[in-house]
Amino acid sequence: MWSLWGLLLCEALLPIVVISVQVLSKVGDTVLLVAECPPGFQVREAIWRSLWPSEELLATLFRGSLETLYHSRFLGRVQLHSNLSLELGPLKTGDSGNFSVLMVDTGGQTWTQTLNLKVYGAVPKPMVQVFTAATEEAQPPNTCQIFLSCWAPNMSDITYSWRREGTINVDVELHSLFSNGQVLSVSLGLGDKDVAYTCIASNPVSWDMATVIPWESCHHESGKPKTSRQWFGDCGVSDPSLTLPSMLQPLGRPPTRMCCWW
């Protein structure tokens, strides 16, 4: 107990050099929080702590002995290596937070490193909905105006992007993106019958994707579009005033009657 308090006292009384590092990982993975110190810094004692959401002791080095038998939210999931790097895992959603390692060298100088661990969930396979415009006036023959909406369920910190298969990315001059890339507007012609679009949902540590062929949602028989009444009937929608999700309304676009396919 005295050694532990003495080590903490060093942090309060001795000059401290602090460096900060960000670490990204995924739920279910194991992460290594690497302890780094200046060249020639010969570590005599060290202490690892979790600083947030609560301060907890995780592991210590004292007189050459590695100790990780402290009660914390990482009990049974933490290991201190001989190089003083701390291994945590398997990680859980609530493991994100700040960690610090305080090291004291043989001359009594201290070095503190703070690490911010951000744990992300694995991105699930996204769902793509195809909203087909059904205006009052007849559409030009063999054309179709659609909106592709992509969504990864129960996830935050998601970035959405689109790819027209056969190309590197979507040509912004021929398509329109809304809602931070989550919605793609596409105008299809007869030559686009086999064109596929892929939505890529990603966060900093994982990604997944889903692909659709939009023409199949517009044209089902002999390449001819169905009427507005047939579209809504097939979708099981009783209210013909169904509109595209409100994400397009702040853009000043008028409400558009839609049928969604997925």
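Here, the structure is the one placed above.
Everything quoted here is computed from the prediction, not taken from an experiment. Per-chain numbering applies: the sequence of each chain, read as written, is numbered from 1 onward. Since the coordinates come from a predicted model, pLDDT governs what is reported: local features require at least 70, and pairs of side-chain atoms require 80 or more to be given and counted, while whole-chain, interface and lining totals use all residues. Side-chain numbers come from the whole structure's heavy atoms, not from hydrogens or water.

Colleague: Explain the sheet that holds strand E2 (residues 31–33) to me, please; I cannot follow it from the model alone.
Modeller: Pairing between the strands of a sheet comes from backbone hydrogen bonds, and it takes one of two forms, parallel or antiparallel. Strands pair, by our definition, only if DSSP identifies at least two bridges between them. Starting at the N terminus, helices and strands are each numbered in turn, a helix being any DSSP run of H or I of at least four residues and a strand any DSSP run of E of at least two. Here we have three strands laid out as an open sheet, ordered E2-E7-E6, and antiparallel in their pairing. A single partner strand is all that each edge strand has here, and the edge strands are E2 and strand E6 (78–80). Strand-to-strand, the axes of this sheet are offset by a mean angle of 20°, without reference to chain direction. Across three bridges, the pairing between E6 and strand E7 (residues 86–88) is antiparallel. Of the residues in E7, the one forming a bridge with Val-78 is Leu-88. Axis definition: a line fitted to C-alpha atoms, over the contacting stretch in the case of helices. Angles run 0 to 180 degrees between N-to-C directions.

Colleague: Please clarify how the pattern of salt bridges should be interpreted in this entry.
Modeller: Side chains that carry opposite charge are capable of pairing whenever their charged atoms lie near each other. What counts as a salt bridge is simple: a side-chain nitrogen of Lys or Arg found within 4 Å of a carboxyl oxygen of Asp or Glu. In the structure shown here, the tally under the stated rule is five salt bridges. With its nearest N and O atoms 3.5 Å apart, the salt bridge here joins Glu-56 to Arg-73. Linking Glu-56 in strand E4 (residues 56–62) with Arg-73 in the loop between strand E5 (65–67) and E6, this pair joins segments that are 17 residues apart in sequence. In this structure, the salt-bridge partner of Arg-163 is Glu-165, at a minimum N-O distance of 3.2 Å. On the accessibility criterion, Arg-163 (23% relative accessible area) is partly exposed. Relative accessible area decides the class of each residue, using a 1.4 Å probe on protein chains only: under 20% of the type maximum gives buried, over 50% gives exposed, and in between gives partly exposed.

Colleague: Just to check I follow, could you spell out the environment of Gly-181 for this structure?
Modeller: Turning to its location among the elements, Gly-181 is positioned in the loop between strand E13 (176–178) and strand E14 (183–188). In this structure, the C-alpha to C-alpha distance between Gly-181 and Cys-150, residues 31 residues apart in sequence, is 8.7 Å.

Colleague: So what exactly am I meant to see when it comes to the packing of aromatic side chains here?
Modeller: Any aromatic ring pair is given by two values, namely how distant the centres are and how the planes are angled relative to each other. Within 6.5 Å between ring centres, the rings of Phe, Tyr and Trp (the latter by its six-membered ring) count as paired, and their orientation is classed by plane angle as stacked under 30 degrees, edge-to-face over 60, tilted in between. Following the criterion strictly, the structure yields one aromatic pair and no others. Only when the NZ of Lys or the CZ of Arg is both within 6 Å of the ring centre and within 35 degrees of the ring normal is a charge said to sit over the ring. The lysine or arginine in question, Lys-118, covers the ring of Tyr-120, its NZ or CZ lying 5.4 Å from the ring centre.

Colleague: Would you mind going over the state of the cysteines with me for this structure?
Modeller: What is meant by a disulfide is a covalent connection between two cysteines, made through their sulfur atoms. Throughout, disulfides are identified as pairs of cysteine sulfur atoms within 2.5 Å of each other. Per the stated rule, a full pass over the model turns up one disulfide. Cys-150 shares a disulfide with Cys-199; S-S distance 1.9 Å. Measuring handedness by torsion sign, the sulfur bridge of Cys-150 and Cys-199 sits at about -85° and is left-handed. Residue Cys-150 is found in strand E11 (residues 144–151), and its partner Cys-199 is found in strand E15 (residues 197–203); the two are separated by 49 residues along the sequence. We classify Cys-150 as buried; its relative accessible area is 0%.

Colleague: Would you mind showing me how to read the nonpolar core here?
Modeller: Within soluble globular proteins, side chains that are nonpolar generally end up buried alongside one another. In this structure, Leu-33, Trp-48, Leu-86, Leu-88, Phe-99, Met-103 and Leu-117 are the most contacted members of the largest nonpolar core, which totals 24 residues. Of all the secondary-structure elements, those providing two or more residues to this core are E2, strand E3 (43–50), E4, E6, E7, strand E8 (97–105) and strand E9 (110–120). Take this core: its biggest share by element is four residues, from E9. Each nonpolar core is a collection of buried residues, namely Ala, Val, Leu, Ile, Met, Phe, Trp, Tyr and Cys, held together in the definition by side-chain atoms within 4.5 Å. Judged by nonpolar contacts, the second largest core, of 22 residues, contains Ile-146, Tyr-160, Val-195 and Ala-201.

Colleague: Where do I start with the pairing of strand E16 (residues 206–212) in this structure?
Modeller: The two faces of the sheet receive side chains in turn, since in a regular strand these alternate between them. As paired strands, E15 and E16 are joined by seven bridges and run antiparallel to one another. Considered in E16, the bridge of Ser-202 is made with Trp-207.

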